[in-house]
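The residues making up each chain are set out below.
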Amino acid sequence: MFIDYAKIRVRAGNGGDGAVSFRREKYIPKGGPDGGDGGRGGSIVVKGDPNVNTLLDYRYSKRFTAANGLAGSGNRKSGHSGEDLVLRMPMGTEIFQIMDDGTKIKLADVTDAEETFVLAKGGRGGKGNSNFATPTNQAPRHATPGKRCNELQLELVLKLMADVGLVGFPNAGKSTLLSVLSAARPKIADYEFTTLEPMLGVVKIQEYQHFVMADIPGIIEGAHMGKGLGHQFLRHIQRTSILLYLIDINSEDPLEAYRTLKAELYLYDNFMEKKPFTIALSKIDTIPEEERAARIAEVSNIFAKTTDHQIQAISSVGNIGLEPLKYTLYKQIKESL
Ligand SMILES: Nc1nc2c(ncn2[C@@H]2O[C@H](COP(=O)(O)OP(=O)(O)OP(=O)(O)O)[C@@H](O)[C@H]2O)c(=O)[nH]1
Ligand SMILES: [Mg+2]
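The structure contained in this document is the topic of the report that follows.

About the thresholds
Residues numbered from 1 in each chain as written. Chains lettered and ligands numbered in written order. Predicted model: local features only at pLDDT ≥ 70, side-chain atom pairs only at ≥ 80, totals over all residues. Heavy atoms only, no water. Helix = DSSP H or I, 4+ residues; strand = E, 2+ residues; numbered from the N terminus. Buried < 20%, exposed > 50% of the residue type's maximum accessible area, 1.4 Å probe, protein only. Contact = heavy atoms within 4.5 Å. Polar contact = N/O pair within 3.5 Å; in protein donor to acceptor, adjacent residues only side chain to side chain. Pairing = 2+ DSSP bridges. Axes fitted to C-alpha atoms, helices over the stretch in contact; angles between N-to-C directions. Near = heavy atom within 4 Å. Areas by Shrake-Rupley, 256 points an atom, 1.4 Å probe, with all protein chains shown as cover. Nonpolar A, V, L, I, M, F, W, Y, C, P; charged D, E, K, R; others polar. Salt bridge = Lys/Arg side-chain N within 4 Å of Asp/Glu carboxyl O. Parallel < 35°, antiparallel > 145°, perpendicular 65-115°, else oblique. Core = buried A, V, L, I, M, F, W, Y, C linked by side-chain atoms within 4.5 Å. Donors = N, O, S within 2.8 Å, 3.2 Å for Na, K, Ca; no water.

Observations concerning the side chain of Glu94
For step 1, the next point in the chain: With respect to the secondary-structure elements, Glu94 resides in strand β5 (residues 93–98).
For step 2, the next point in the chain: By relative accessible area, Glu94 is classed as buried at 8%.
For step 3, the next point in the chain: Leaving out residues up to four positions away in the same chain, Glu94 has contacts with Lys106, Ala108, Asp109, Glu155, Leu156, Val157, Lys159 and Arg239.

The structure is reproduced here in structure tokens:
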């Protein structure tokens, strides 16, 4: 199951207490103070993991506590530090702390594999009484306690990391395109809202050259207000480098379709409009061959009046125009970096 939101509670480990102790040795009646320091508590650390794709784990267990530091002991022995607790999260996870008044503070943005962030630092250990001996007080009887750590409430929001975001009405052929360009096997069917969860696919250009494309559920007018499957998936294309608008060549009004999609993205997030994009007309195999070129030219001309974008005509089923599309996208990604 794909889960892209979770709330959890974390607590770093408390510091161990400092010890009060005095040296006891044969023939030394009055030993000096030798209480050791407490160990540091373990921290709560988050690490980006490319093998984790969902926040599912954080749906089921919601409380995470790092180990406490141990108390110091005699002979100036420091207590052991508590081990850090490492939480592995998918790349693209944003972590917010929810404050008591409900406001949120961003703590981390997990974007790279193996990158770590300390979300909550373990408590410092207390000082043993051996630290407090002075010329006037050679037998101090006090030590300090370790620092106690409070629980933090965190919100985890996953925004998938992809280079290209596929945008289109339901049934436009987005999942089919992803399935022919990559090894991803999304569900495909001849009805709307087949795709219910975002999916990523790696599109290979050549060895060492590839990009990641994200397929999301179809968008309809009003999506930004929650219509259809709504805006809950739009965030997964929020940080792609570019967008690919996919428009069925059989749409009644392809230009209007494109405008509606663009408007929905803009209403969701103004920044989306600034992203570079490519427009592709899908399913051109459904137009009889003798009419095809004319129909493509007709639609391209309509678009040419309002945008200087080249339209790419493709068919995932008929394997038409897919290679040029791949190269166009790849080039656009490189240029956008
Ligand atoms: N003839 C033809 N049919 C296609 C092509 N691409 C997709 N289809 C068909 O169009 C229907 C919808 O395809 P999907 O890939 O599921 O469409 P989608 O955009 O992912 O749809 P949602 O997930 O509902 O938003 C399926 O029946 C596909 O077989 C194409 O290039 N040519
Ligand atoms: Mg789909």
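A short note on the side chain of His236
For step 1, the next point in the chain: Note that His236 resides in the loop between β11 (209–215) and β12 (242–248).
For step 2, the next point in the chain: At a separation of 2.7 Å, a polar atom in the side chain of His236 contacts the side chain of Asp4.

What to know about the sheet that holds strand β7 (residues 116–120)
Paired through their backbone hydrogen bonds, the strands of a sheet run either parallel or antiparallel.
For step 1, the next point in the chain: Within the open sheet, the 3 strands sit side by side as β4-β2-β7. Their pairing is mixed. Edge positions in the sheet fall to β4 (85–89) and β7, since each has one partner strand and no second. Neighbour-to-neighbour, the strand axes of the sheet open up by a mean angle of 30°, direction not taken into account.
For step 2, the next point in the chain: Where strand β2 (residues 44–48) and β7 come together, 4 bridges link them in antiparallel fashion. In the sheet register, Lys47 faces β7, and the bridge partner there is Thr116.

Comments concerning the site of ligand 1
For step 1, the next point in the chain: Surveying the vicinity of ligand 1 reveals 23 residues, the closest of which are Lys174, Thr176, Phe193, Thr195 and Asp285.
For step 2, the next point in the chain: Interatomic distance of 3.4 Å between a backbone N/O atom of Ala189 and an oxygen atom of ligand 1.
For step 3, the next point in the chain: For ligand 1, an oxygen atom lies 3.0 Å from a polar atom in the side chain of Lys283.
For step 4, the next point in the chain: About the coverage of ligand 1: the protein hides 88% of its 650 Å² of free accessible area.
For step 5, the next point in the chain: Its residues assigned to classes, the shell around ligand 1 shows 8 nonpolar, 10 polar and 5 charged.

Focus on the pattern of salt bridges
For step 1, the next point in the chain: Counted under the stated rule, the structure contains 17 salt bridges.
For step 2, the next point in the chain: The partner of Arg88 in a salt bridge is Asp49, and the shortest N-O contact between them spans 3.2 Å. Remark: Asp49 occurs in the loop between β2 and α1 (57–60) and Arg88 occurs in strand β4; sequence separation between them is 39 residues.
For step 3, the next point in the chain: Take Arg88: its relative accessible area is 34%, and that puts it in the partly exposed class.

Looking at the packing of helix α3 (residues 254–268) against helix α4 (residues 289–304)
For step 1, the next point in the chain: Between α3 and α4, the least distance of the axes is 9 Å, while the angle of their chain directions is 45°. For the element pair α3 / α4, the angle class is oblique. The residues of α4 that touch α3, namely those facing Pro254, Leu255 and Tyr258, are Arg295, Val299, Ile302 and Phe303.
For step 2, the next point in the chain: Of the residues contributing to the contact of α3 with α4, the split by class is 6 nonpolar, no polar and 1 charged.

Focus on the nonpolar core
For step 1, the next point in the chain: Grouped together as the largest cluster of nonpolar side chains are 26 residues, with contacts concentrated most on Tyr245 and Leu265.
For step 2, the next point in the chain: Of all the elements in the fold, those that place two or more residues in this core are β12, α3, β13 (277–282) and α4.
For step 3, the next point in the chain: Once residues within four sequence positions are removed from consideration, Leu265 is found in contact with Val167, Ile219, Leu234, Ile237, Leu243, Tyr245 and Met272.
For step 4, the next point in the chain: Membership of the second largest hydrophobic core comes to 25 residues, among which are Val10, Ala108, Leu154 and Leu156.

Examining the coordination of the magnesium ion (ligand 2)
For step 1, the next point in the chain: Within the first shell, the magnesium ion (ligand 2) binds the protein through Ser175 (OG) and Thr195 (OG1), at distances of 1.9 to 2.1 Å. Residue Ser175 is found in helix α2 (residues 174–181), and its partner Thr195 is found in the loop between α2 and β10 (199–206); the two are separated by 20 residues along the sequence. Thr195 shares its class with Ser175; the two are buried.

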